[in-house]
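One-letter residues, chain by chain:
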2 protein chains.
Amino acid sequence: MNILVTLNANYIKPLKVMLKSLFMNNENECFDIYLMHTSLKEEELESLNAYIARHGGRLFIVKMDDGCFQDAPVLLHYTKEMYFRLLAYKFLPEGLDRILYLDPDILVLNPVRKLYETELGDCLYGAAYHDKIPVKEINRLRLFPYEIDAYYNSGVLLMNLGQLRAQVDAQEIYRFVEENRMKLIMPDQDILNALYAKQIKSIDEKLYNYDARYYGYYKLTSNGACDMEYIINNTVILHFCGKRKPWGNQYSGKFFSLYKHYEKCAARMEFHRSPAFDSRWVHHPVQSVHNP
Amino acid sequence: MNILVTLNANYIKPLKVMLKSLFMNNENECFDIYLMHTSLKEEELESLNAYIARHGGRLFIVKMDDGCFQDAPVLLHYTKEMYFRLLAYKFLPEGLDRILYLDPDILVLNPVRKLYETELGDCLYGAAYHDKIPVKEINRLRLFPYEIDAYYNSGVLLMNLGQLRAQVDAQEIYRFVEENRMKLIMPDQDILNALYAKQIKSIDEKLYNYDARYYGYYKLTSNGACDMEYIINNTVILHFCGKRKPWGNQYSGKFFSLYKHYEKCAARMEFHRSPAFDSRWVHHPVQSVHNP
């Protein structure tokens, strides 16, 4: 299965924890991890490569340089990394037909195979929207006149690469950003929703993008069905949304002990045996496109 | 290492979870599990034996029958099982010099080797007391005139079998029970404290008997040092004290998600391959003593 991640140096540790949970709960699967980045150092990449190889996976590096989004507008507080997710399809090998993008602030608790094989038809993406009513309503008003029935979370995105290559136009995205500069709070997620909401196949948030902040809410609105037993045995992706992260200070939440457990498992693996260097490691862009 | 457990049929599932956590976090150790029981069925014992064998451990069954504590007084709400822990030394093989008793409402989060090798000298037991002041004070008053400086928790007991054989007298225990019938709330723990408190080597509760109900209390009284990071990486034994258990309904607590995770790991192992029957399994009392 193909997994896409995009990150900077601050997120290497959480990324390893996320990957550890993915590997531990998908023991009989093979993973090709595609990493889009701009500024990771050689030793960081080597450490990550060794870590993934130790778990039987392969790392492919997609180095993004300054030329990649030359004509893209930039917003005050955001770098061009905001375009990585939406335009990833341009930088991935032609041969790939789908890839699962995962944020690093995630734990994978159960097998991802079923999610990965979700029938997408002509849809561009598979994604979940968080069904808390106030959140939906705020985003609907904020992104008016774009019609938002559901505000999809872009932290877990199953990408239909063939359809993305056929249907998405980078210039349309850039125009949208230019025209809505002031409205954009979470730029890539906002773009995803404003431009592509109708081409997203909705997936169950309780299974595939469970927001770790809302245990009580999920449990209540499911009449108790979505309890801890259900989550641990069924939820595939637990997402630590929001500003406070379980690897930071001051965190406290229902899944804190579980996160720390996976963090320990990941750290243990760090200091395990160092494997032979994996020659399959690709250092340079798999496909380099300078002017999307 | 020798591990002692005593239980009835209601606790088989939690016992398997406890053992799973023990095995997972002590991968290079060999465990001999001694099980004292009165009423487990043949198929329950076989399932447990297979489960332990699958993890590379050995199960020894110590079947207790009606004759075992013939002259022991019985209390209204308690069966003779209250004596199992205190008189276990009589029913274990002469060759054993120490054994670690563990309650089934426990998760073992880290290696137990250091605890197991605690220097006990002439002490009968290694045990931790829970240092919450109101709890200590209530027990001191309740068990007066027996001097209680610390009220030890009997859920984790490192037993110095040689000293127990030399020093403990069953009749003294029975007399104590006769004379204090009305005062005893948690009989075996009360007996342990009233009769043997001065012969107990104190072990650190934060490491070896962390009461899962008091996360905030431990963190506060340690000036923040005993936080989730510390516990997951250092605490060896996490004890789900109290009436509400993480395998029951209505449970909610800091370590709920972690417990459910181990429960899933244990269940997974249940449905794994079924191994060859282990001929080392001992069906009958290792040593049968009918009138201690």
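Heads up: the structure comes first, above all this text.
Residues numbered from 1 in each chain as written. Chains lettered and ligands numbered in written order. Predicted model: local features only at pLDDT ≥ 70, side-chain atom pairs only at ≥ 80, totals over all residues. Heavy atoms only, no water.

Caption draft 1: A look at the environment of Gly121 of chain B. All names here are of chain B. Along the chain, the position of Gly121 falls in the loop between helix 4 (113-116) and strand 6 (125-129). Here the alpha-carbon distance between Gly121 and Phe91, two residues 30 residues apart in the chain, equals 22 Å. Setting aside chain neighbours within four positions, we find Gly121 in contact with Asn160 and Gln163. (Helix = DSSP H or I, 4+ residues; strand = E, 2+ residues; numbered from the N terminus. Contact = heavy atoms within 4.5 Å.)

Caption draft 2: A look at the packing of aromatic side chains. Counted according to the given criterion, the structure contains 28 aromatic pairs over all chains. Between the aromatic rings of Phe240 of chain B and Tyr259 of chain B, the centroid separation amounts to 5.2 Å while the plane-to-plane angle is 75 degrees, which identifies the pairing as edge-to-face. With Phe240 of chain B in the loop between strand 10 (237-239) and helix 12 (256-270) and Tyr259 of chain B in helix 12, the pair connects residues that are 19 residues apart, well separated along the chain. Among the residues examined, Phe240 of chain B registers a relative accessible area of 1% and is labelled buried. Both rings, one in Tyr251 of chain B and one in Phe256 of chain B, keep their centres 5.2 Å apart while their planes meet at 65 degrees; by these two values the pair is edge-to-face. For Phe256 of chain B, a relative accessible area of 6% translates into the label buried. Grouping aromatic residues by their ring pairs yields a cluster made of Tyr11, Phe240, Trp247, Tyr251, Phe256 and Tyr259 of chain A. Seen from the ring of Tyr51 of chain A, Lys16 of chain A lies directly overhead, with NZ or CZ sitting 5.5 Å from the centre. (Phe/Tyr/Trp six-rings, centres within 6.5 Å; stacked < 30°, edge-to-face > 60°. Buried < 20%, exposed > 50% of the residue type's maximum accessible area, 1.4 Å probe, protein only. Lys NZ or Arg CZ within 6 Å of the ring centre and 35° of its normal.)

Caption draft 3: Main features of the sheet that holds strand 7 (residues 156-160) of chain A. All names here are of chain A. Strand order across the open sheet formed by seven strands is 3-2-1-4-7-6-8, with mixed pairing between neighbours. Strand pairing shows two members of the sheet lacking a second neighbour, strand 3 (58-63) and strand 8 (200-202), which therefore form its edges. On average, adjacent strands in this sheet sit at an angle of 25 degrees to one another, irrespective of strand direction. Strand contacts of helix 1 (residues 12-24): strand 1 (2-6), strand 2 (32-37) and strand 4 (98-102), with the helix running at about 165 degrees to strand 1, the strand carrying the most contacts. Contacts from helix 2 (residues 42-54) reach strand 2 and strand 3 within the one sheet, and its direction differs from that of strand 3 by about 150 degrees. (Pairing = 2+ DSSP bridges. Axes fitted to C-alpha atoms, helices over the stretch in contact; angles between N-to-C directions.)

Caption draft 4: Molecular detail of the interface of chain A and chain B. Taken together, the contact pairs 22 residues of chain A with 22 residues of chain B. Note on chain A versus chain B: buried area summed over both sides is about 1,800 Å², and carbon and sulfur give 49% of it. Contact with chain B buries surface across chain A, with Ser257, His261 and Lys264 of chain A losing the most and accounting together for 30% of the total. Where chain A packs against chain B, one counts two salt bridges. Linking Lys260 of chain B and Glu229 of chain A is a salt bridge whose minimum nitrogen-to-oxygen distance equals 2.6 Å. In this assembly, chain A and chain B are joined by 16 residue pairs in polar contact (both at pLDDT 80 or more). Of all the elements in the fold, those that place two or more residues in the side of chain A that touches chain B are helix 11 (228-234) and helix 12 (256-270) of chain A. Counting residues per element, the side of chain A that touches chain B draws most heavily on helix 12 of chain A, at nine residues. Within the side of chain A that touches chain B, the residues separate by chemical class into nine nonpolar, seven polar and six charged. (Buried area = accessible area lost by both parts, 1.4 Å probe. Salt bridge = Lys/Arg side-chain N within 4 Å of Asp/Glu carboxyl O. Polar contact = N/O pair within 3.5 Å; in protein donor to acceptor, adjacent residues only side chain to side chain. Nonpolar A, V, L, I, M, F, W, Y, C, P; charged D, E, K, R; others polar.)

Caption draft 5: Expanded view of the state of the cysteines. All names here are of chain B. All chains considered together, the criterion is met by zero disulfides over all chains. Note on Cys241: no disulfide assigned, nearest cysteine sulfur contributed by Cys226 at a separation of 14 Å. Cys241 gets classed as buried once you look at its relative accessible area, which sits at 8%. (Disulfide = S-S within 2.5 Å.)

Caption draft 6: Representation of the packing of helix 7 (residues 170-179) of chain A against helix 8 (residues 187-196) of chain A. All names here are of chain A. At a minimum axis distance of 11 Å, the contact between helix 7 and helix 8 shows a crossing angle of 110 degrees. If you check the angle between helix 7 and helix 8, you find them roughly perpendicular. Crossing hand, helix 7 versus helix 8: right-handed. Seen from helix 7, the contacting residues are Glu172, Ile173, Phe176 and Val177; seen from helix 8, they are Asp190, Ile191, Ala194, Leu195 and Tyr196. For the contact of helix 7 with helix 8, the class distribution of residues is seven nonpolar, no polar and two charged. (Parallel < 35°, antiparallel > 145°, perpendicular 65-115°, else oblique. Left-handed = near helix turned anticlockwise from the far one by under 90°.)

Caption draft 7: Just the relation of the copies chain A and chain B, in detail. Each copy superposes on the other: chain A lies on chain B with an RMSD of 0.0 Å after a rotation of 180 degrees and an axial shift of 0.0 Å. Between the two chains, the operation in question is that of a two-fold axis. The C-alpha atom lying nearest the rotation axis in chain A is that of Leu258 of chain A; the distance is 2.4 Å. Most of the interface of chain A is mirrored in chain B: 100% of its interface residues are interface residues there too. (Least-squares fit on C-alpha atoms with pLDDT ≥ 70 in both.)

Caption draft 8: Seen up close, the sheet that holds strand 5 (residues 106-108) of chain A. All names here are of chain A. Ordered by their spatial adjacency, three strands build an open sheet running 5-10-9, and the pairing between neighbours is mixed. Either end of the sheet is taken by a strand with one partner, and the two such strands are strand 5 and strand 9 (210-211). Summarising the sheet, strand 5 and strand 10 (residues 237-239) pair through three bridges and their orientation is antiparallel. Directly across from Ile106, in strand 10, lies its bridge partner His239.

Caption draft 9: Representation of unusual backbone geometry in the model. Look at Gln250 of chain A: it is not a glycine, yet its phi comes out positive at around 70 degrees. Along the chain, the position of Gln250 of chain A falls in the loop between strand 10 and helix 12. Positive phi outside glycine occurs at Asn223 of chain B, with the angle close to 55 degrees. Mapped onto the elements of the fold, Asn223 of chain B is located in the loop between helix 10 (215-221) and helix 11 (228-234). Among the residues examined, Asn223 of chain B registers a relative accessible area of 76% and is labelled exposed.

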